[in-house]
Structures are given as C-alpha cells and as structure tokens.
Amino acid sequence: MSAAANSAVFHAAGTSGSAILLIHGFGADRLSWLANQQQLSAAGRIYTLDLPGHGETPLAGGGRLEDLVRAVAEAIDASQIGPVHIIAHSLGGAVAIALAAMRPDLVRSLALIACAGLGQGVNESFLFEYPRCASAGEAEAMLRRLVSRPRLINRYMVARVLEQLNSPGGREALIAIANELRQIESVIEPSLQALAASPLPRLAIWGAADAIVPLDEERLSDFGGERLILPDVAHLPHIEASRAVNERLLDWLTAQS
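Okay, so let's go over this structure.

Thresholds applied
- Residues numbered from 1 in each chain as written.
- Predicted model: local features only at pLDDT ≥ 70, side-chain atom pairs only at ≥ 80, totals over all residues.
- Heavy atoms only, no water.
- Buried < 20%, exposed > 50% of the residue type's maximum accessible area, 1.4 Å probe, protein only.
- Helix = DSSP H or I, 4+ residues; strand = E, 2+ residues; numbered from the N terminus.
- Pairing = 2+ DSSP bridges.
- Right-handed = clockwise from strand over helix to strand, strands pointing away.
- Salt bridge = Lys/Arg side-chain N within 4 Å of Asp/Glu carboxyl O.

What to know about the pairing of strand 5 (residues 84-89)
Logical step 1: The buried count for strand 5 comes to six of six residues, which makes it a mostly enclosed element.
Logical step 2: Across four bridges, strand 3 (residues 18-23) lies against strand 5 in parallel orientation. Residue pairing for strand 5: Leu 22 is matched across the bridge by Ile 87.
Logical step 3: As defined by bridge partners, strand 5 adjoins strand 6 (residues 107-113) across six bridges and the pair is classed as parallel. Of the residues in strand 6, the one forming a bridge with Ile 86 is Leu 110.
Logical step 4: In terms of handedness, the path from strand 5 via helix 3 (residues 91-102) over to strand 6 forms a crossover that is right-handed.

Following this line, the structure appears as structure tokens:
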C-alpha cells in the first residue's frame, strides 16, 4: 500500500503491467471489486481506493464532484502510477469522466459501468433513502434495489453498509454527495462534450434492468466508444454478471496495450 494525498490510500494487487485503477460507486468502497480484481490483474497491476466520504477516506470538501476528482488526481500524482486505465462504477464513472477531461495526462482509457451522468438521471428516492438506512432490514431492502437477483445480497454486504453509515460523519458525507448526484448530468456535461470529441478509448457497460441509473441509449451514442448491454442485469453488472464483465474488460484492456 502507498499513501496518497487527502488521506486516500491506494491498495495494489499484482506486481507488473499497466496500472489499472478501479473506482467504486456511491455508498460502496474498494471492497466492491472483490469479484473482479483478481481476474483483471491478468491485464496489469490493479489499484483500488476509497473515494472521499467512503470507506476509510474522510470527505474532502463539500462532496462536490470536483472535490472527488481532485482527490483521485492527487492520489495518482502522489503515487506516480499514471497514466492509468480506469474502470469505474456509477458515481466512480462520473469521477472518471471529469478526471479524464480535467487531467487527460493521467488517463489512458475509460471503462464505465452504469455510469452516473450517462444514464437517465440517478434515482431520487435511492439517493434520499440510502444514507438514512437505520436497520439491517432497511439496508437489505435498499441493496436489493441494486440487483435483479436478490439472493446476491448477503449479511456481510448489509453489515458493511451499516458499518460505513454509522462511522463518524458517514451519513452526512453521503447526503452531501447525493445532493451533487441529483444534478450530475448538468455538472458533468462539459466533461462529456470534451471527451466525446477526443480519441480517448472508452467502453460503457450497462445492465438493461438498471432502475438506479437507467440506460439512456441516446446519451451513450453521443458519448461514443464501445458498449456492452447485459439483459436481466440491474445496477451492479460487475457483481451480477461478473464473469461476462470480467471477460469483456480483459479483452478491452488487452486491446489498449
């Protein structure tokens, strides 16, 4: 592990190859990639981190997208691993897009999974209710909204959510970030326009049954790049369909080498 700015810490897996950074989504942390990072390490060295306001990283600034982007950029600079291939989910996808537009020198390619800012908005009730879950039952019900197969939600995942929510400042941090996500399309639009006109390789992966960030074919078409749409999969394709997603990502990363 190597320390980075803003109290962020990179966790590395693998010893050689291109740097591949995995950025998690809203309310999650670096452990949300456990079904992916071992397989993806065949393509390079995997790095994960907790975004500000998540996991072990305290909130930086007021939860604005630019605050999260700055924290990731400073972490990459401090660890001297750039430029990196980025694989990002949901909120992490919005961070990745803004980072690529702000610091193109740090990003080699983007693979975006259920990306906030590229869909039909972010579900308002989810953003309001998630940070306010107070019991195991409420947390489980909230997590089940993320998947098409509820049996994928286990007690460990529920306990992890409550642990983070009940950490000092945990709920307040997610409420602040949720307020930014409510307007993420307008916040991220300048970055989207910049990337749409750039040669940066990009891949979008989506679950056709996603009710948290519903698929928007027109926005994806305008954004350009390659895509993989998975039927009967909801907001967590990298968990629900990990085998198919890992295979596609490995092919993608190999093609960028």
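What follows continues from the structure just given.
A look at the pattern of salt bridges
Logical step 1: Enumeration according to the criterion identifies 15 salt bridges in this entry.
Logical step 2: Here Glu 189 and Arg 219 are joined by a salt bridge, their closest N and O atoms 3.5 Å apart. Placement of Glu 189 in helix 8 (residues 184-196) and of Arg 219 in helix 9 (residues 217-223) is noted, with a sequence separation of 30 residues between them.
Logical step 3: Residue Glu 189 is classed as partly exposed on the basis of its relative accessible area of 27%.
Logical step 4: For Arg 243, the salt bridge is made with Glu 247, and the minimal N-O distance between the two is 3.5 Å.

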